[in-house]
Amino acid sequence: MILYYTPGTCALGAMALLRHAERPFQLCHVPRDARMGPIFRTVNPHGHVPALVTDDDRVLWENSAVLIHIAQHSPAGLMPAAGSAAEDELNVWLSYLGSEFHAAFYPVFKPQLFLRDDSLHDDLRRDSLKNVRRQLAYIDVHLEDNRFVMGDTFGILDPYLTAMARWGERFFDYEREFPNLGRYLERMRAEPSIAFALAIENGDEQPTVDGGYAGHTDLVPRDV
Ligand SMILES: N[C@@H](CCC(=O)N[C@@H](CS)C(=O)NCC(=O)O)C(=O)O
């Protein structure tokens, strides 16, 4: 598998999950401004990371599809049993994190997608942060009784939530407002797979010889 990522984005989740999934993978760094460029759009026409090239050379995008594919192709048994209550819960959280939590940040980071008039962007950001705060409060309450998103076990959702919840630290004092989430992020940053992905973002991590991370590959156009 090859994962396309940009540092600081939601793609941190898939990167950490690949490391946790105990199977070989390569990474492709997509510079922030190259995401909407002509080369990366031969990989993902939407210009979004994460994108994942599967072992049979298909490209997947959308976090939920990418995370589930990685989990299903891992020897580490990361997927709940088909038809189980745990699978339902996983699906609820995957949808929530993608369509509510992630989406709450769009007008904060990309107000130009919503309003052409630059002079209104600061107001939109400020108003949109109210929704971000509401989502953070919901997650904070959930984490009061749950060490991980789904109870006692680190799973697919934890790297994904970590990747996005860190964005809110720029705007809110988690220790004061969302202490459970603040402590959760501290624990998650110490999880080996998430620490690995954070190190990659910083350019610190080296390829391993025993499988797992097999180094970076260049960003080149994909034949279609
Ligand atoms: N619906 C997509 C959204 C992915 C997404 O928005 N990725 C961001 C990074 S967090 C991105 O690459 N944005 C590119 C841009 O807005 O130019 C998913 O859930 O995977």
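Note that the structure is predicted; figures quoted are calculated from it, not measured.

Conventions used here
Residues numbered from 1 in each chain as written. Predicted model: local features only at pLDDT ≥ 70, side-chain atom pairs only at ≥ 80, totals over all residues. Heavy atoms only, no water. UniProt positions renumbered as here; feature names shortened; annotations may be inferred. Helix = DSSP H or I, 4+ residues; strand = E, 2+ residues; numbered from the N terminus. Phe/Tyr/Trp six-rings, centres within 6.5 Å; stacked < 30°, edge-to-face > 60°. Buried < 20%, exposed > 50% of the residue type's maximum accessible area, 1.4 Å probe, protein only. Axes fitted to C-alpha atoms, helices over the stretch in contact; angles between N-to-C directions. Parallel < 35°, antiparallel > 145°, perpendicular 65-115°, else oblique. Left-handed = near helix turned anticlockwise from the far one by under 90°. Contact = heavy atoms within 4.5 Å. Nonpolar A, V, L, I, M, F, W, Y, C, P; charged D, E, K, R; others polar. 1 Å grid on protein atoms, 1.4 Å probe; cavity = no way out; pocket = protein on both sides within 12 Å on 5 of 7 lines; lining within 4 Å. Points joined across faces, edges and corners; volume = space filled by probe spheres on them.

1. Notes on the UniProt feature "domain: GST N-terminal" (unreviewed entry) in the protein chain
Under the feature "domain: GST N-terminal" (unreviewed entry), the UniProt entry names residues 1-78. In the segment residues 1-78, helix accounts for 24% and strand for 19%; the C-alpha atoms at its two ends are 17 Å apart.

2. Focus: the packing of aromatic side chains
In total, this model carries 15 aromatic pairs according to the counting rule given. Both rings, one in Tyr4 and one in Phe40, keep their centres 5.7 Å apart while their planes meet at 45 degrees; by these two values the pair is tilted. In this pair, Tyr4 is assigned in strand β1 (residues 2-5) and Phe40 in the loop between β2 (25-29) and β3 (51-53), connecting sequence segments 36 residues apart. Each member of the pair Tyr4 and Phe40 is classed as buried. Pairwise contacts between aromatic rings join Phe101, Phe105, Phe109, Trp167 and Phe171 into one cluster.

3. Details of the packing of helix α3 (residues 85-109) against helix α5 (residues 157-168)
One way to put it is that α3 packs onto α5 with a least axis distance of 11 Å and a crossing angle of 20 degrees. If you check the angle between α3 and α5, you find them roughly parallel. Of the two possible hands of crossing, α3 and α5 adopt the one that is left-handed. Packed against α3, whose contacting residues are Leu90, Trp93, Leu94, Leu97, Gly98, Phe101, His102, Phe105 and Phe109, the element α5 presents Leu157, Tyr160, Leu161, Met164, Ala165, Trp167 and Gly168 at the interface. Residues that form the contact of α3 with α5 fall into these classes: 13 nonpolar, three polar and no charged.

4. Re unusual backbone geometry
Omega for the bond connecting Val49 with Pro50 falls within 30 degrees of zero, at 0 degrees, which places this linkage in the cis form. Within the fold, Pro50 resides in the loop between β2 and β3. Even without glycine at this site, Asp57 takes up a positive phi of about 65 degrees. Position of Asp57 among the secondary structure elements: in the loop between β3 and β4 (59-61). Positive phi, close to 80 degrees, is recorded for Glu62, a residue that is not glycine. Mapped onto the elements of the fold, Glu62 is located in the loop between β4 and α2 (63-72).

5. Quick look at the layout of surface pockets
Taken as a whole, the largest pocket holds about 810 Å³ of empty space. Along its surface, the largest pocket is lined by 29 residues, and Cys10, Arg35, His48, His102 and Tyr106 are the ones closest to its centre. Those elements giving two or more residues to the lining of the largest pocket turn out to be α2, α3 and α5. Among the elements that make up the lining of the largest pocket, the one with the highest residue count is α3 (eight residues). Of the residues that constitute the lining of the largest pocket, the class distribution is 12 nonpolar, 11 polar and six charged.

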